[in-house]
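# Structural features, examined
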Amino acid sequence: MQLFFGDLIPYAPELLAGLGVSVLITVAAVLIGSPLGVGVYLLRAAGNPVARAVGSTYVEVIRNTPLLLQLYLIYFALPSVGVNFDPITAGIIALSVNNSAYLAEIYRAGFEAIPKGQIEAADALGLSRRATFFHVRLVPALRNVLPSLTNQVILLFLASSIASIVAVPELMHVMMGITTSTFRTIETFVVGGLLYFIVAFLIAGASRLVETRGIRWKVA
Amino acid sequence: MFTSFDLSDLVLILQGAFVTLQICFLSVILGGVVGIASGILAASPSAPLRWISAIWVGAIRGVPVLLIIFFVYFALPLMSPGSNIPDYWAAVLALTIFASAYISEIVRGSIQAIPRGQFEAAQALGLSWPKQLRHVVMPQAARIMVPPGIGFLVVLIKDSSLVAVIGLIELTRAGNIVASQTGQPILAYVVVGAVYFVICFALSTAGRRYERRLTIHARAPRVEDALTPSRGDSK
């Protein structure tokens, strides 16, 4: 067996463009999924039992069904009731919705880890409710869950490859196109796999930098 | 051209569910064997052994599952021209490779979660590393592996839906077929989603129950930790 990686050189711009689309839909799903996740968390933490039930049902249904099926439902099934999306929009919606359920769980873990005494102490010091929420709950909670948040972003980035199935022109889709036109299947998978790996590795590395010495979080 | 959604469609979906469960069961057993070996290497005192495991785990976890599936199905047969792998076994092999890396992380995390004093006490008694593992560490680690292991099984069942794209008629593909035959995609996908939900929710609930019952000093590792093969590795 001989490998010809040179045959892929003309396709470098195409591969990088695909990677760009992968990164782009991941960023979009993070930007949309994050506030959505906060909303779902707030529902789950609400005093109203109906709101709590809605929040937990959402999280459990999303987390216990495959992303591919969620994408199929949005892209292939919704048109039957007259709701049409182009592939990229469908991909971003599916990834955002999926991401929001996982983020809601991560936020919940972060908030639940804040000792009650901290909040009482803030009260005793006469901090306003808003200041308490921001300085005593939100910022420490985010700091606690930073590793989980980065993992979620990495998983989301890798999961964005699933959008190739509805013809979103991201990296996986570009790779499949290249294999059919060049027949350099093994080489394409190795190069494409490396590109995925490098980006995932960079996200992990960036998070570790922030965690260890990058940003100094102000707690109060 | 469309037939109405009837019993035969439901049967097809349930048959698909059976295939999904089969391939997940096979790949969790096979991936478990590789993963436990790799996890033990990752927690071993020898640096070269740890590296072998870290490269395997890092490479698998750094790429999408879909890529592993396509690689096994399209690229692997090219390595020995003329051969091909049936859909079913391509799916099992791809999911086995995927599972091995995640199970390796769970095993490594569980071994490392056992307090150092346990290793030191076993060492003081004159036990070799394999004996420390077998008699002292693994019996304790095995218990804390269960909840993240069940968590991973849920991930595996969901991700096994991706083998639908190489043509194997498992749960998701069965849903596709029913959707196009009946012209009722929403109904078909909701039924398929419900089947996935029943299986996965039962598993995740069982995992949480077990975790709550677990009274052990060490904390179980998290399944979702992607790409952090050497974190917390202080040996």
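Anything mentioned here points back to the structure above.
One structure accompanies this document, and this report is about it. (Residues numbered from 1 in each chain as written. Chains lettered and ligands numbered in written order. Predicted model: local features only at pLDDT ≥ 70, side-chain atom pairs only at ≥ 80, totals over all residues. Heavy atoms only, no water.)

What follows is about the pattern of salt bridges. A full pass over the atoms with the stated rule returns six salt bridges over all chains. With a shortest N-O distance of 3.7 Å, A:Arg108 and A:Glu112 are connected by a salt bridge. Of this pair, A:Arg108 and A:Glu112 are both found in helix α4 (residues 87-112), four residues apart, which corresponds to roughly one turn of the helix. Residue B:Glu105 pairs with B:Arg108 through a salt bridge whose shortest N-O separation is 3.0 Å. Remark: B:Arg108 and B:Glu105 occur in helix α4 (residues 87-113); sequence separation between them is three residues, near one turn of the helix. Here B:Glu105 matches B:Arg108 in class, with each residue buried. (Salt bridge = Lys/Arg side-chain N within 4 Å of Asp/Glu carboxyl O. Helix = DSSP H or I, 4+ residues; strand = E, 2+ residues; numbered from the N terminus. Buried < 20%, exposed > 50% of the residue type's maximum accessible area, 1.4 Å probe, protein only.)

Counting residues at the interface gives 40 residues for chain B and 42 residues for chain A. Across the contact surface, chain B and chain A share one salt bridge. Across the pair B:Arg208 and A:Glu60 runs a salt bridge, and its minimum N-O distance is 3.5 Å. Counting every contact that joins chain B to chain A gives four residue pairs in polar contact (both at pLDDT 80 or more). If you list the elements that add at least two residues to the side of chain B that touches chain A, you get α2 (47-61), α3 (65-79), α6 (129-159), α7 (171-182) and α8 (185-213) of chain B. Here the side of chain B that touches chain A is composed, by residue class, of 25 nonpolar, eight polar and seven charged. (Contact = heavy atoms within 4.5 Å. Polar contact = N/O pair within 3.5 Å; in protein donor to acceptor, adjacent residues only side chain to side chain. Nonpolar A, V, L, I, M, F, W, Y, C, P; charged D, E, K, R; others polar.)

For the rest of this paragraph, the subject is the packing of helix α5 (residues 116-124) of chain A against helix α6 (residues 129-159) of chain A. Residue and element names in this part refer to chain A. The geometry of α5 relative to α6 is characterised by a closest axis approach of 10 Å and an angle of 145 degrees between their N-to-C directions. Here α5 and α6 pass one another in a crossing that is right-handed. Seen from α5, the contacting residues are Gln-118, Ile-119 and Ala-122; seen from α6, they are Thr-132, Val-136 and Arg-137. For the contact of α5 with α6, a count of residues per class yields three nonpolar, two polar and one charged. (Axes fitted to C-alpha atoms, helices over the stretch in contact; angles between N-to-C directions. Left-handed = near helix turned anticlockwise from the far one by under 90°.)

One finds A:Met172, A:Met175, A:Tyr196, B:Ile23, B:Ile111, B:Phe152 and B:Val163 to be the most contacted residues of the largest nonpolar core, which totals 101 residues. Tallying contributions element by element places α4(B) first for this core, with 14 residues. In this view, A:Tyr196 contacts A:Ser22, A:Phe157, A:Leu158, A:Ser161, A:Glu170, A:Leu171, A:Met172, A:Met175, B:Gly62, B:Val63, B:Pro64 and B:Leu67; residues no more than four positions away in its chain are not counted. Listed in part, the twelve residues of the second largest apolar core include A:Val59, A:Ile106, A:Ile114 and A:Val145. (Core = buried A, V, L, I, M, F, W, Y, C linked by side-chain atoms within 4.5 Å.)

Moving on to the side chain of A:Ser100. Residues and elements named next belong to chain A. Inspection of the secondary structure puts Ser-100 in helix α4. Polar contacts involving the side chain of Ser-100 include one to the side chain of Tyr-58, which spans 2.8 Å. Beyond its immediate sequence surroundings of up to four residues, Ser-100 is in contact with Gly-33, Leu-36, Gly-37 and Tyr-58.

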